[in-house]
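Summary of the model geometry
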4 protein chains.
Amino acid sequence: MVHLGANRYGKAEVRVVRVARHAALDGRDLIRDWSVSTSLSGDLTAAHTVGDNSAVLPTDSQKNTVYAFAKKLGAVEPESFGLALAAHFVHTQEPITRARITIEEYAWSAIGGTGYSFARSGLLTRTATVVHDDTLGTHVVSGIKDLVVMNTTGSEFWGFPRDEYTTLGETKDRILATQVDARWRFRGFDRVNWAAAFVGARAAILAAFSGTHSYSLQQTLYAIGERIIAEVPAVCEVRLALPNKHHFLVDLAPFGLDNDREVYYAADRPYGVIEGTVLAEDAPDPGIAWD
Amino acid sequence: MVHLGANRYGKAEVRVVRVARHAALDGRDLIRDWSVSTSLSGDLTAAHTVGDNSAVLPTDSQKNTVYAFAKKLGAVEPESFGLALAAHFVHTQEPITRARITIEEYAWSAIGGTGYSFARSGLLTRTATVVHDDTLGTHVVSGIKDLVVMNTTGSEFWGFPRDEYTTLGETKDRILATQVDARWRFRGFDRVNWAAAFVGARAAILAAFSGTHSYSLQQTLYAIGERIIAEVPAVCEVRLALPNKHHFLVDLAPFGLDNDREVYYAADRPYGVIEGTVLAEDAPDPGIAWD
Amino acid sequence: MVHLGANRYGKAEVRVVRVARHAALDGRDLIRDWSVSTSLSGDLTAAHTVGDNSAVLPTDSQKNTVYAFAKKLGAVEPESFGLALAAHFVHTQEPITRARITIEEYAWSAIGGTGYSFARSGLLTRTATVVHDDTLGTHVVSGIKDLVVMNTTGSEFWGFPRDEYTTLGETKDRILATQVDARWRFRGFDRVNWAAAFVGARAAILAAFSGTHSYSLQQTLYAIGERIIAEVPAVCEVRLALPNKHHFLVDLAPFGLDNDREVYYAADRPYGVIEGTVLAEDAPDPGIAWD
Amino acid sequence: MVHLGANRYGKAEVRVVRVARHAALDGRDLIRDWSVSTSLSGDLTAAHTVGDNSAVLPTDSQKNTVYAFAKKLGAVEPESFGLALAAHFVHTQEPITRARITIEEYAWSAIGGTGYSFARSGLLTRTATVVHDDTLGTHVVSGIKDLVVMNTTGSEFWGFPRDEYTTLGETKDRILATQVDARWRFRGFDRVNWAAAFVGARAAILAAFSGTHSYSLQQTLYAIGERIIAEVPAVCEVRLALPNKHHFLVDLAPFGLDNDREVYYAADRPYGVIEGTVLAEDAPDPGIAWD
């Protein structure tokens, strides 16, 4: 005999582009370029066990709701969109007790002075996740991913333990490069200025990465988390996953050439991965925020 | 003031190919083609906060250990490899209290009758994850991903609720296609025949997918989980994530053509995602198995 | 002053799945799972220079035509589909003098004995390209890509020149692995059995790869081309692009272990690339076949 | 009987990062982040037909040469690097008569004011290709790819022919978005300011895209080519491939909502592709520049 455990379902990667005409301060169009994913849970046992779909709002309807809310809400911050959309599903679908909305936002920069011309920036992807549960409350986690940063010096790695499989040399000067995947949990969701929080967190990441003389990527990770919490008081917890994008000095000695930190090769695989959490001292319990 | 929360680090995607010469029953070479990822945790606070690396076994050493163990252990099942490697790190590195090993295995089929020629099968990726914690015990989760399956009939979807955003029609006959991401947790790790469990679970997935007249992908998901547990008694829990790879009938009426379930277009995005867990009635608590 | 040179336009990656119900010999459904791309050329100068679209059949119409032809033609071989579609565009659109149709076909294998259940094989992608020009004639080029093959022995590389940048050692035994990208041009397009030609060419590739004791990937490339032409008389030319998917022996000596062709790491980048053409002695001029 | 046709071989995607310390005007480090591919051709028949490698400089040596030249040449423009490297292979390897070097360059922006901290920009990829043939001369083709641009208005599409498969409506206002793949051929390679040419061509692309009221993507393509040639006199030919990244207005009428150019969905596949060439009136014959 078996039984159903945790489950959820929804529509992934609804690619909606919301244009607000002449909405910028200078009269330009504003763009919200999003990939929105919805995920609903509640009492869906009958759907799984006997094919009774009476509680299964179609994922096609969820997709339509994303489009309709994009119209109704305008070019809002992604966190605001997620909060409204998550509440809608829980409030209007009786069997649904929890909704999780995840948004990726791709940034565009104005070009050409037309007011309607843009280039996709490619620097990073902004993320926002909202979980709304009708008994366990609502949580917002925002983030950045796909941000690739490099220090060409100011990084060391030594003093590590050496076992029988250790051949790595110590270094007092290496390239440190990573692709930042950072997510930060907010203490609440009322009266938060989402746009300012994003700008503040992004600046904190760049400042901490560049400003930390690093003895390991772990240390840089901690500095980033600490800085975000310091700069954005509405944030109580930061989770980071930092791949170590190795850049190895090429041995040019066989060709009669020295290589004083000039020529590196950028390795693909394998790569290190450093994952860690930094919490404010008074961070409340995360509950279902990260589920 | 902030403090460090959960953290771990390791080497990702070590691409090791282990060849066992003339090891197959018919004298062929055997291949294990793996991507191995390691992740260690323990008391690593000093590394994060003050740049003290005395507990940080380099990820380069972890990579070397993967290669050395591939030599020592031979072309074993990935679960056996993970168990040995995870135990090694916890047993030999004093500050390390938990190791997590994840392996992806890519299958090759013999070609040409030489005994040493192969083609990569591409049908699916086999996965195995071992978590070894020095107080919380050891868990094994195996799985399959990248397996794309389709039923060209035998699937319905109707009886769902209709809200103001619902435009989807009901259907008694649609294509059902998904890319299976299945993972199954074992009750223990002694005396399990990993190879047989993999073969059994794979067969169960294919049999349940093809053999279920489906009223929703949720129902198919549950049938797959149920079948794996029934066929592989060493398994106590199955977690599945099934994207609904939509195939929509093309409207050919504008061209004076009917389309009686003949011409479909395969959509990329958005897509449905159905996630669910099926548990044996007597499944023990998962503990850290899925962390 | 500038002027317009060569140009073309069309719709790329129309993802059509054609199901023929109960059409297999054993009563199973047949599937053609395709990505079809169209490209038209002719006198399109006015569209480029003055925005006059009177000759520009919309790419949306080209997409619709793909679907309609999938209905009309049934689950035919991709070459037959391309021939009919290319001719259609040239014959019905007065300004269009050339059409190029490219098809990728993804194979599915029957599972479960239902007659309507399938798994995507993943072994390789079949390709077919048809160019129809109203004065320069019609050409068919078929192919295979994404086929990954490996010989675990039977490959050497030595006797190469050594310059000041050469550090590579000679080897009498290495792994040889590649991802085959092969295309073959047919002498004509009447009375060709496309299905048999594909099966023959695929078999020739596998036989030549496994059966060639290789002194270089160049030699293997030539053997593959030679074998296809020998086995499929309708083919007059083969073009191959073979990446050398390097598998390097891991140096385990630092760990006190030997490594007699047992443990390799599979490198990602950089990789060698070998490109070459093999022609039948009497191959006619390719004309626009490869444009 | 068969014979060998055109062939070449080399190393692909050598990922070299060249750091020039304190080399920027303001004392910052300079970075050249490249993926370099080499391809050599000449009399390599014996390698293909009898496994005689005496003319086959290993691709491993080619890789080493990339690294050594990065050291020797410094953080130069990619075109200068390609010219030197291509000449080296042809001049030093007797059987080699032609070398083709392709470089992708990834841009980094300074962050944090340290002089050694950078973020990868992600806006676009710069490309440079040099072909050096010992009888047919030397050609340089530079380019940009991965640049995604969008006009949210200022684009129309109407006046196209309608056949039996045409259902598309005419529009006087649509989103026009594309991912620019542009390559431009230089008249020569002496006394060209590669950096200035790149900056000029990039500006020309952005200005032409944003500044063209477009009746078709073909018209925009031509305007881009024309503008590059006008702004960068050293360029004589431009080849462009522009996917039409469709953004379709969502029909919100079923939900009682209008949609006056506000909510779009960004489609993945299929997509239009417009390819075209723009030439200066006095453009010399390209010879082998594009091979």
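Each chain has its residues counted from 1, following the order in which its sequence is written. In the order they appear in the text, chains get letters beginning with A and ligands get numbers beginning with 1. Local features in this predicted model are restricted to residues whose pLDDT is 70 or higher, and side-chain atom pairs enter the listing and the counts only when it is 80 or higher, whereas totals over whole chains, interfaces and linings include all residues. As a rule here, side-chain values come from all non-hydrogen atoms in the structure, and water together with hydrogens is ignored.

1. So, the overall build of chain A
Heads up, the rule is: Working definition: helices are DSSP H or I runs of at least four residues, strands are E runs of at least two. Numbering for both runs from the N terminus. Only protein chains enter the area calculation, which uses a 1.4 Å probe; residues under 20% of their type maximum are buried, those over 50% are exposed, and those in between are partly exposed. Residues count as neighbours in contact if any of their non-hydrogen atoms are within 4.5 Å of one another. Accessible surface is estimated by sampling points in the Shrake-Rupley manner with a 1.4 Å probe; for residues, cover comes only from the protein chains shown. We score Asp and Glu as negative and Lys and Arg as positive, and we do not count His or the chain ends. Positions of charges follow a simple convention, taking NZ of Lys, CZ of Arg, CG of Asp or CD of Glu.
When helices and strands are counted, chain A shows 5 helices and 11 strands. Seen through its C-alpha atoms, chain A measures out along the principal axes to roughly 75 × 65 × 40 Å. Sorting the 291 residues of chain A into buried and exposed places 62% on the buried side. Here the analysis covers contacts within chain A between residues at least 6 apart in sequence; of these, 65% occur between residues at least 24 apart. Only carbon and sulfur atoms are counted for the fraction: they give 50% of the accessible area of chain A, which is about 10500 Å². Between the mean site of the 28 positive side-chain charges and the mean site of the 35 negative ones, chain A shows a separation of 7 Å.

2. A word on the relation of the copies chain B and chain D
Superposing the two chain copies requires a rotation about an axis and a translation along that axis. This is how it is decided: Alignment of copies: least-squares fit on C-alpha atoms of residues with pLDDT of at least 70 in both copies.
It takes a turn of 180 degrees to lay chain B on chain D, together with a shift of 0.0 Å along the axis; the resulting RMSD is 0.0 Å. The superposition operator between the copies reduces to a two-fold rotation axis. Scanning chain B for the C-alpha nearest the rotation axis identifies D268 of chain B, at a separation of 3.4 Å. Interface residue correspondence from chain B to chain D reaches 100%, placing this contact among same-surface, isologous pairings.

3. So, the confidence of the model for chain A
Applied cut-off: For every residue, the pLDDT score states the predictor's confidence, bounded by 0 at the bottom and 100 at the top.
Summarising the model, chain A shows a mean pLDDT of 98, and 100% of its residues fall at 70 or more. Here the predicted complex scores 0.98 on pTM and 0.97 on ipTM.

4. Quick look at the packing of helix 4 (residues 194-211) of chain D against helix 5 (residues 217-231) of chain D
All names here are of chain D. Basically, it comes down to this: For helices, the fitted axis covers only the stretch in contact; all axes are lines through C-alpha atoms, and the angles between them, taken along N-to-C directions, range from 0 to 180 degrees. In this scheme, a crossing is called left-handed if the near helix is turned counterclockwise away from the far one by less than a right angle; it is called right-handed if the turn is clockwise. Gly is placed with the polar residues, together with every amino acid not listed as nonpolar (Ala, Val, Leu, Ile, Met, Phe, Trp, Tyr, Cys and Pro) or charged (Asp, Glu, Lys and Arg).
As a packed pair, helix 4 and helix 5 sit with axes 8 Å apart at the nearest point and diverge in direction by 145 degrees. Relative to helix 5, helix 4 is oriented so that their crossing is right-handed. Contact residues: helix 4 offers A201, A204, I205, A207, A208 and F209, while helix 5 offers T220, A223, I224, R227, I228 and E231. Among the residues forming the contact of helix 4 with helix 5, the class breakdown is 9 nonpolar, 1 polar and 2 charged.

5. So, the side chain of N151 of chain C
Our working definition: Residues adjacent in sequence count toward polar contacts only when both atoms are side-chain atoms; beyond that, a polar contact is any pair of N or O atoms within 3.5 Å, and within protein one must be able to donate a hydrogen and the other to accept it.
Looking at the secondary structure, you find N151 of chain C in strand 6 (residues 137-151). On the accessibility criterion, N151 of chain C (1% relative accessible area) is buried. Polar contacts involving the side chain of N151 of chain C include one to the side chain of S117 of chain B, which spans 2.5 Å. In this structure the side chain of N151 of chain C is engaged in a polar contact, spanning 3.0 Å, whose partner is the backbone oxygen of F209 of chain C.

6. Things to note about the interface of chain B and chain A
This is how it is decided: As used here, buried area is the combined drop in accessible area, with a 1.4 Å probe, of two parts when they are placed together. Each reported salt bridge corresponds to a side-chain nitrogen of Lys or Arg within 4 Å of a carboxyl oxygen of Asp or Glu.
Taken together, the contacts link 70 residues of chain B with 71 residues of chain A. For the pair chain B and chain A, the summed buried area comes to about 6100 Å², and 53% of that belongs to carbon and sulfur atoms. At the boundary of chain B with chain A, the tally comes to 4 salt bridges. E13 of chain A is paired through a salt bridge with R269 of chain B; the nearest N and O atoms lie 2.9 Å apart. On the surface where chain B and chain A come into contact, there are 36 residue pairs in polar contact (both at pLDDT 80 or more). Only strand 1 (2-12), strand 2 (14-20), helix 1 (45-50), helix 2 (59-73), helix 5 (217-231) and strand 11 (271-280) of chain B provide two or more residues apiece to the side of chain B that touches chain A. A total of 11 residues in the side of chain B that touches chain A trace back to one element, the largest contributor, which is strand 1 of chain B. Here the residues of the side of chain B that touches chain A sort into 32 nonpolar, 26 polar and 12 charged.

7. Section: helix 3 (residues 78-92) of chain B
All names here are of chain B. Stated formally: What a helix should span is 1.5 Å times the count of its residues minus one.
Along its 15 residues, helix 3 runs 21 Å from first to last C-alpha, staying within 8% of the 21 Å computed at 1.5 Å per residue. Residues P78, E79, F81, G82, L83, L85, A86, A87, H88, F89 and V90 constitute the buried set of helix 3. On the buried face of helix 3, the contacting elements are strand 3 (30-42), helix 2, strand 4 (96-110), strand 5 (117-133), strand 6 (137-151) and helix 4 (194-211).

8. Considering the packing of helix 2 (residues 59-73) of chain C against helix 3 (residues 78-92) of chain C
Residue and element names in this part refer to chain C. Let me state the cut-off plainly: Every angle not falling under 35 degrees, over 145, or within 65 to 115 is termed oblique; those three ranges are roughly parallel, roughly antiparallel and roughly perpendicular.
Interaxial distance between helix 2 and helix 3 falls to 11 Å at its minimum, and their mutual angle equals 130 degrees. With respect to helix 3, the axis of helix 2 lies oblique. The crossing of helix 2 and helix 3 is right-handed. Between helix 2 and helix 3, the residues in contact are Q62, T65, V66, F69, A70 and L73 and F81, A84, L85, H88 and F89, respectively. Looking at the contact of helix 2 with helix 3 residue by residue, the class counts come to 8 nonpolar, 3 polar and no charged.

9. Describing the relation of the copies chain B and chain A
Note on the identical chains: chain B maps onto chain A by a rotation of 180 degrees and an axial translation of 0.0 Å, with an RMSD of 0.0 Å. Interface overlap between copies is the fraction of interface residues in one copy that are interface residues in the other; for chain B against chain A it reaches 100%, indicating a shared surface.

10. Observations concerning the interface of chain B and chain D
In this complex, chain B contributes 7 residues to the contact, which on the side of chain D involves 7 residues. Overall, the association of chain B and chain D removes approximately 660 Å² of surface from exposure, summing both partners, and the carbon and sulfur fraction of that is 56%. Summed over the three residues of chain B that lose the most area to chain D, namely Y165, F255 and D268 of chain B, the buried surface amounts to 61% of that side. Connecting chain B to chain D are 2 salt bridges. Where R269 of chain B meets D268 of chain D, a salt bridge forms, and the shortest distance between an N and an O atom there is 2.8 Å. On the surface where chain B and chain D come into contact, there are 2 residue pairs in polar contact (both at pLDDT 80 or more). Of the residues contributing to the side of chain B that touches chain D, the split by class is 3 nonpolar, 1 polar and 3 charged.

11. Points about helix 2 (residues 59-73) of chain A
Residues and elements named next belong to chain A. Under the 1.5 Å per step criterion, the end-to-end length of helix 2 is 21 Å for 15 residues, consistent within 8% with the ideal 21 Å. The buried fraction of helix 2 is high, at 13 of 15 residues. Phi turns positive, to about 80 degrees, at G74, one or two residues after helix 2.

12. A closer look at the environment of V199 of chain D
Its location among the elements puts V199 of chain D in helix 4. For the pair V199 of chain D and D285 of chain D, spaced 86 residues apart in sequence, the C-alpha separation works out to 25 Å.

13. Thoughts on the packing of aromatic side chains
Put simply, the rule is: For Phe, Tyr and Trp, rings pair up if their centres lie within 6.5 Å, where Trp contributes its six-membered ring, and each pair is then called stacked (planes under 30 degrees apart), edge-to-face (over 60) or tilted (otherwise). Whether a charge sits over a ring depends on NZ of Lys or CZ of Arg being within 6 Å of the ring centre and within 35 degrees of the ring normal.
Inspection of the entire model under this criterion finds 32 aromatic pairs over all chains. Ring plane angle 70 degrees and centroid distance 6.3 Å describe the contact between F69 of chain C and Y165 of chain D, whose orientation is recorded as edge-to-face. Taken together, the residues span two chains, with F69 of chain C in helix 2 and Y165 of chain D in the loop between strand 6 (137-151) and strand 7 (176-186). Residue classification places Y165 of chain D among the buried positions, given a relative accessible area of 1%. Summarising the aromatic geometry, the rings of F186 of chain C and W194 of chain C are spaced 4.8 Å apart at their centres and angled 90 degrees between planes, so their arrangement reads as edge-to-face. Look at F186 of chain C and you get buried, because its relative accessible area is 3%. Among the aromatic residues, those joined into a ring-pair cluster are Y67 of chain A together with F248 and Y265 of chain D. A cation sits over an aromatic face here: K172 of chain C above W158 of chain C, 4.9 Å from the ring centre.

14. A closer look at the pattern of salt bridges
By the definition in use, this model includes 92 salt bridges over all chains. Among the ionic pairs, E237 of chain B bridges to R239 of chain B, the shortest N-O distance being 2.8 Å. Residue classification places R239 of chain B among the partly exposed positions, given a relative accessible area of 28%. A salt bridge links D282 of chain D to R187 of chain D, with the nearest nitrogen and oxygen atoms 3.1 Å apart.

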